[in-house]
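Chain by chain, the residues run as shown.
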Amino acid sequence: MQALTTEKQVFELLQDTVSQYSVTRADLIERNYSNLCYYLGLQWISYRRSVVDRTRLGRLKTSFNPDDNDLRATINMVTELVIKAQAATWPSGIYVDAHPPEHDVSVQAQHIASVIETIVNVGIDKSGYLEARRTANLRRSVFGDYGFGFHLRATPADVQIGDKSAALLDQRLQAFTFEPAQLVLDPSVTHRDLTRHERVGFTDVWSQHKIRNVFGIELEAKELKTIGQLAARQIEFNKLSGGTLFQQYAQHSTTPGARVHHMHVKGDDDERFEYVYAIIEKADGEFLWVNKDDPANPFPGTGMPLFMLRGHDRGESCWSIADVSMLRPSQDALNLDETFRFRMQRKNAGAQWIIDERFFGTRPNDEDIRHAISNEVYGVIRGRGSVKNESARRA
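Residues numbered from 1 in each chain as written. Predicted model: local features only at pLDDT ≥ 70, side-chain atom pairs only at ≥ 80, totals over all residues. Heavy atoms only, no water.

Draft legend 1. Examining the side chain of T203 more closely. With respect to the helices and strands, the residue T203 is situated in strand 6 (residues 199–207). For T203, the side chain forms a polar contact with the side chain of H261, separated by 3.4 Å. The contact partners of T203, leaving out residues within four places of it in the chain, are R25, Q182, V184, R259, V260 and H261. (Helix = DSSP H or I, 4+ residues; strand = E, 2+ residues; numbered from the N terminus. Polar contact = N/O pair within 3.5 Å; in protein donor to acceptor, adjacent residues only side chain to side chain. Contact = heavy atoms within 4.5 Å.)

In C-alpha cells, the structure reads:
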C-alpha cells in the first residue's frame, strides 16, 4: 500500500476499518467480559436480545440464605482450573544469550557478544517485558487471546557532554498489555499472526491530561467526551459485576477525554508496517491527524510493536477459544445441580410427618401415641395400628 498523504485518505481508511469491524468487536467484548465475570465467580449471567438485536446483559440474583426463595448456588470451579492452565505456561524468566558467529573466534568478537547480551537483557528487565508476558499469559486463558506490546516513552535524562550536562528527552522502550477488543482489524483477514494483516488498528480511551502530555495538544471542552461515554461497555460490566470490574472507568466516568487511534499500515514492502497514523477522534466525530508531519514507523523489523498470546484455534477466525469459554457449560450445570440440591434440602429440612389419629384408636392421648410409633429420624416411621380401627390401618 502506498503512503497516505491526505487527511481524507487517512480518515476514510480509519472509518472503513472501524465500521467493518464494529460487529465483530462488539461480540468480542461481550464474550470476553462475561468470561472475566465467570473467572471472578460472578456467574448466573442472563442474555436477552432486544428488537434491535443488541444483547442486554443481566445477572440473576444469587444468595446462600436458606430462607431466601431466590437461593442460587455458585460453586466456582473456573478460577481453580484456569489458574492451573496458566501455571503450566507461566514464564518464570526471560534471558537472551548472545554468541559470535562460528567463523569468528577472536577475543574481540566474544567481547562484543557479551556487551550485546548485557544490553539486551538489561533492556528486557527495564522495559517490564516479563511482567507483561505473565499478565497476558493469565488473561489469555480468560479471554482466549491477550496482547502485549511496546511503546516508546519520552523521559527526561541528564546527558554528559564533555564538562557540561544537558537535560534531554530520552526514548525508553516500555512494555504494556492490552485487551483483544482494542485492536481494529480487517474482518475479512483471519490470519492469527498480526504481521500477516495489511493494516492493524489500535484504539484506546485517553484522558485530556494524557493527550496533553503525550501529544502536546490542548483540546477544548466541546471537543471531548467523558470517560463514561467513551467506555460505555466497561461501565455496563462494572454495574453487572456489582462494581468489581473496571473500577477505574467508574471512578473517572466524568473525566474528559477522547478516543485515540493508531493505525499501522504496510507500505510497498509487504513484510513491514511502514507507517503509523496517530489520530484523535473528537466528540463530534471529527478526526485530528496528530503525526501528519512524520507518520514513519519508528520500530525496526516488521514494524509491528503489538503481539498476541493465542489460545485454542477457533478455525476461520483470528480469535481463539478461551479456557473459560469451554468451562462455562460445565460450570452452569454444576451451579444448577447444586442449586436444586440446596433447595431440596431446604424444603425437606425440619419436615413434619402427619399421621391420621384414627391410626391410634378412639380418642388416643399423648402416651398412647408415644408408645404406638417409633422416634426414628430421617427414616420410615414405624407404627402399631390399633386393633380397634382396622379401617384406619388399611387406609
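Draft legend 2. Geometry of the packing of helix 2 (residues 78–87) against helix 9 (residues 323–348). Relative to each other, helix 2 and helix 9 sit at 150°, their axes nearing to 10 Å. Of the possible angle classes, the one that applies to helix 2 and helix 9 is roughly antiparallel. The crossing of helix 2 and helix 9 is right-handed. For the pair helix 2 and helix 9, contact is made by V78, L81, V82 and A85 and by D323, V324, L327 and Q331, respectively. The class makeup of the residues in the contact of helix 2 with helix 9 is six nonpolar, one polar and one charged. (Axes fitted to C-alpha atoms, helices over the stretch in contact; angles between N-to-C directions. Parallel < 35°, antiparallel > 145°, perpendicular 65-115°, else oblique. Left-handed = near helix turned anticlockwise from the far one by under 90°. Nonpolar A, V, L, I, M, F, W, Y, C, P; charged D, E, K, R; others polar.)

Draft legend 3. Expanded view of the packing of aromatic side chains. In the structure shown here, the tally under the stated rule is 16 aromatic pairs. Between the aromatic rings of F178 and F202, the centroid separation amounts to 5.3 Å while the plane-to-plane angle is 85°, which identifies the pairing as edge-to-face. With F178 in strand 4 (residues 164–178) and F202 in strand 6, the pair connects residues that are 24 residues apart, well separated along the chain. Judged by relative accessible area, which is 1%, F178 ranks as buried. Residue class for F202 comes out buried when judged on its relative accessible area of 11%. Positioned above the aromatic ring of W44, the side-chain terminus of R72 is 5.8 Å from the ring centre. Stacked on the ring of F273, the Lys or Arg K266 has its end atom at 5.3 Å from the ring centre. (Phe/Tyr/Trp six-rings, centres within 6.5 Å; stacked < 30°, edge-to-face > 60°. Buried < 20%, exposed > 50% of the residue type's maximum accessible area, 1.4 Å probe, protein only. Lys NZ or Arg CZ within 6 Å of the ring centre and 35° of its normal.)

Draft legend 4. Region of the structure containing the environment of G216. The residue G216 is located in the loop between helix 5 (208–215) and strand 7 (225–226) in this model. C-alpha separation for the pair G216 and V290, spaced 74 residues apart in sequence, amounts to 9.7 Å.

Draft legend 5. Expanded view of the nonpolar core. In terms of nonpolar packing, the biggest core is built from 51 residues, with L183, L185, L194, V200, L306 and W319 touching the most fellow members. Among the elements that line this core, the one with the most residues is helix 1 (residues 7–39), at eight residues. Excluding residues within four positions of it along the chain, L194 makes contact with L183, L185, V200, F273, M304, L306, M308 and R310. In terms of nonpolar packing, the next biggest core, distinct from the first, is built from 11 residues, F11, L13, M263 and W289 among them. (Core = buried A, V, L, I, M, F, W, Y, C linked by side-chain atoms within 4.5 Å.)

Draft legend 6. Molecular detail of the pattern of salt bridges. Tallied over the full model, the rule gives 12 salt bridges. R310 is the partner of D145 in a salt bridge, and the nearest nitrogen-oxygen pair spans 2.9 Å. Here R310 lies in strand 11 (residues 306–310) and D145 lies in strand 3 (residues 145–161), a separation of 165 residues in the sequence. Taken individually, D145 and R310 each receive the classification buried, so the pair is uniform in this respect. Residue R233 is joined to E236 by a salt bridge in which the shortest nitrogen-to-oxygen separation is 2.8 Å. With a gap of three residues between them, R233 and E236 both fall in helix 7 (residues 232–240), about one helical turn apart. Judged by relative accessible area, which is 28%, E236 ranks as partly exposed. (Salt bridge = Lys/Arg side-chain N within 4 Å of Asp/Glu carboxyl O.)

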